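# Remarks on the overall topology
Here's the letter readout for the chains.
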Amino acid sequence: MDIIIKESGVRKPLTYVDSKTGIECTKDVLNASGVLATGMFTLDEESGDYIASIDEYNWWKEYLDMKQEEEKTLYALCNEFGEMAVSEVFMQHQHLLNTTVEHEHEAMERIFDIIRKQLSKQD
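Note that the coordinates shown come from a computational prediction; the quantities given were computed from them, not determined experimentally. (Residues numbered from 1 in each chain as written. Predicted model: local features only at pLDDT ≥ 70, side-chain atom pairs only at ≥ 80, totals over all residues. Heavy atoms only, no water.)

A separate point is the overall build of the protein. Scanning the protein for helices and strands turns up five helices and four strands. Counted from the first residue to the last, the protein has its helices and strands arranged as β-β-α-α-β-β-α-α-α. Taken over the C-alpha atoms alone, the protein extends approximately 55 × 30 × 20 Å along its principal axes. Taking the intrachain contacts of the protein between residues at least 6 apart in sequence as the baseline, contacts between residues at least 24 apart amount to 55%. Just so you have it, the protein exposes about 7,800 Å², and 50% of that area is on carbon and sulfur atoms. Of the charged side chains in the protein, 12 are positive and 25 negative; the average position of the first set lies 4 Å away from that of the second. (Helix = DSSP H or I, 4+ residues; strand = E, 2+ residues; numbered from the N terminus. Contact = heavy atoms within 4.5 Å. Areas by Shrake-Rupley, 256 points an atom, 1.4 Å probe, with all protein chains shown as cover. Lys, Arg positive; Asp, Glu negative; His and termini not counted. Charge placed at Lys NZ, Arg CZ, Asp CG, Glu CD.)

What follows deals with helix α4 (residues 83–93). Of the positions making up α4, those classed as buried are Val86, Val89, Phe90 and His93. For α4, the angular spread of buried residues about the axis comes to 100 degrees, placing them on one side. Exposed positions of α4 whose direction lies more than 90 degrees from the buried face are Met84 and Glu88. In this fold, the buried residues of α4 make contact with α3 (54–81) and α5 (101–120). (Buried < 20%, exposed > 50% of the residue type's maximum accessible area, 1.4 Å probe, protein only. Arc of directions from axis to C-beta.)

Below, the structure is given as structure tokens:
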């Protein structure tokens, strides 16, 4: 998905790919986050392009890149230890995600470490 930068008119890519299916789903992720409904990204009705400020674009690019890496890590853990086992441990510790956006990645990394430690012991 491309975003037109409001200040410059430059088209920049914003991409999120489902690690399990390989399907590009950026618009779905942004929609689920409320970005498209709140007007943070506006739709140019004529061209069908989404437009955002450079600051908004940069924030979402960084955030989606971080989320993409987290999803890849989670998918790798599922491949290594089994989806059911990973899901069970994840659910036990999902309360750690009750934090601010700024600390969300740290919380995910902590959960990944817990999953590795708990499930490695079972081998």
